[in-house]
Amino acid sequence: MSSDDIDIDDFDNTDPELDKFESTDDSLAKFEKIFAKKRKVLDDGFDRNKVENQVLDKTTMFTLYEMINAKIISYVNGIVKAGKESVLFWAVAPDGTDVALKVYLVSTVSFKKRAMYIVGDPRFTRLKSGTRNMVYLWAKKEYRNLRQCAKHNIPVPRTIHVSKNVLAMEFVGKNGVPAPTLHETEITESDYTQAIDIMTKLYRDARLVHGDFSEYNVLKTDSGLVLFDLGSAVDIHHPNALNFLERDIKNMTYFFAKRGLTVKNPADVLSEITS
């Protein structure tokens, strides 16, 4: 088994180290070590206290604390973006570089809807039931998908580390402000060409289908488009892979056409990618 392989039997609901963490009386000190004393946070409209209480359960706090001890990160500045299934934190590495911490919500119920992106994927077998198991698997699945893309020079955030429900990766942006998505920017013909090219390389080279390819999951940087949110990506041998690919193509075709660009027929794009 390679370092990228996932043994589903490794996932359970017990955390032996967590008992040790819970039994200490310095949880507050550990929490203060995780977060910067003077947080640099964004005015994103979210109630931070509410979100942090939901995200930072003791297991997640322990995971972050262990990442600090392992010198993966030095501290966390605060929340950049919050969604139904995950919260993105802006952290800083020991060398001063920015790190994106994607914390998958263990308490969310929407992960039940994600089973379709795992069941049937030949890379994952012997799945265990339980929301926590599904969340841990989802984090490692995205980590593996990102590494698979990077090996084939597909523009995605560089992975750094994954542990339980926390994925550390390259922060695509500056000073805690992420690069804008396609949805947030003016688009060009080059953007359309790049999007189709990424989908093509994803299928032909990485042997993956994103499954949720949209203008909201593509960052626009000075050096080109960067694809993210690859937790849903499936192996091309997944029974619904072609259906997911067709949907991805239609989503992007509709977006670019709505913005006034001349686009190809989705059926022709699908044929070109899979031929």
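Keep in mind the model is a prediction, meaning the values are calculated, not measured. (Residues numbered from 1 in each chain as written. Predicted model: local features only at pLDDT ≥ 70, side-chain atom pairs only at ≥ 80, totals over all residues. Heavy atoms only, no water.)

Caption draft 1: Layout of the packing of helix H7 (residues 241-258) against helix H8 (residues 266-274). Two elements in contact, H7 and H8, have axes separated by 9 Å at closest approach and are oriented at 130°. Classified by the angle between their axes, H7 and H8 sit oblique to one another. The element H7 and its partner H8 pack so that their crossing is right-handed. Residues Leu242, Leu245, Glu246, Ile249, Lys250 and Thr253 of H7 form the contact with H8, whose participating residues are Pro266, Val269, Leu270, Ile273 and Thr274. The residue makeup of the contact of H7 with H8, split by class, is seven nonpolar, two polar and two charged. (Axes fitted to C-alpha atoms, helices over the stretch in contact; angles between N-to-C directions. Helix = DSSP H or I, 4+ residues; strand = E, 2+ residues; numbered from the N terminus. Parallel < 35°, antiparallel > 145°, perpendicular 65-115°, else oblique. Left-handed = near helix turned anticlockwise from the far one by under 90°. Contact = heavy atoms within 4.5 Å. Nonpolar A, V, L, I, M, F, W, Y, C, P; charged D, E, K, R; others polar.)

Caption draft 2: How the structure looks around the pattern of salt bridges. According to the stated counting rule, one finds eight salt bridges in the structure shown. The salt bridge involving Asp121 is made with Arg123; its shortest N-O contact spans 3.0 Å. Just as Asp121 is buried, Arg123 falls in that class too. Salt bridges sharing partners connect three or more residues here, namely Lys102, Glu142 and Asp229. (Salt bridge = Lys/Arg side-chain N within 4 Å of Asp/Glu carboxyl O. Buried < 20%, exposed > 50% of the residue type's maximum accessible area, 1.4 Å probe, protein only.)

Caption draft 3: Region of the structure containing helix H5 (residues 131-151). Compared with the 30 Å implied by 1.5 Å per residue over 21 residues, the 30 Å span of H5 between its first and last C-alpha is a close match. When you tally the buried positions in H5, you get 16 out of 21 residues, the bulk of the element. Count one or two residues on from H5 and you reach Asn153, which has phi positive near 60°. (Expected span 1.5 Å × (residues − 1).)

Caption draft 4: Looking closely at the sheet that holds strand E5 (residues 166-170). Sheet architecture is open: five strands sit in the order E1-E2-E3-E5-E4, paired in antiparallel fashion. Edge positions in the sheet fall to strand E1 (75-82) and strand E4 (159-163), since each of these pairs with one other strand and no more. Within the sheet, the average angular offset between the axes of one strand and its neighbour, ignoring direction, is 25°. Across seven bridges, strand E2 (residues 86-92) lies against strand E3 (residues 98-104) in antiparallel orientation. Across the sheet, residue Phe89 finds its bridge partner in E3, namely Leu101. (Pairing = 2+ DSSP bridges.)

Caption draft 5: Representation of the confidence of the model for the protein chain within the structure. Summing up the model confidence of the protein chain, the mean pLDDT is 84 and the portion of residues at 70 or higher is 79%. Segment residues 41-51 is flagged for pLDDT under 50; beyond a separation of four residues in sequence, or across chains, it makes 19 contacts in the model. (pLDDT = per-residue confidence, 0-100.)

Caption draft 6: Quick peek at the packing of aromatic side chains. One pass over the structure, following the stated rule, counts four aromatic pairs. Relative to Phe256, the ring of Tyr192 lies with its centre 5.3 Å away and its plane at 75°, an arrangement referred to as edge-to-face. Taken together, the residues Tyr192 in helix H6 (residues 189-204) and Phe256 in helix H7 connect sequence positions 64 residues apart. Like Phe256, Tyr192 is buried. A centroid spacing of 5.0 Å and a plane angle of 70° characterise the contact between Phe255 and Phe256, whose relative ring orientation is edge-to-face. For the pair shown, Phe255 and Phe256 are each scored as buried. (Phe/Tyr/Trp six-rings, centres within 6.5 Å; stacked < 30°, edge-to-face > 60°.)

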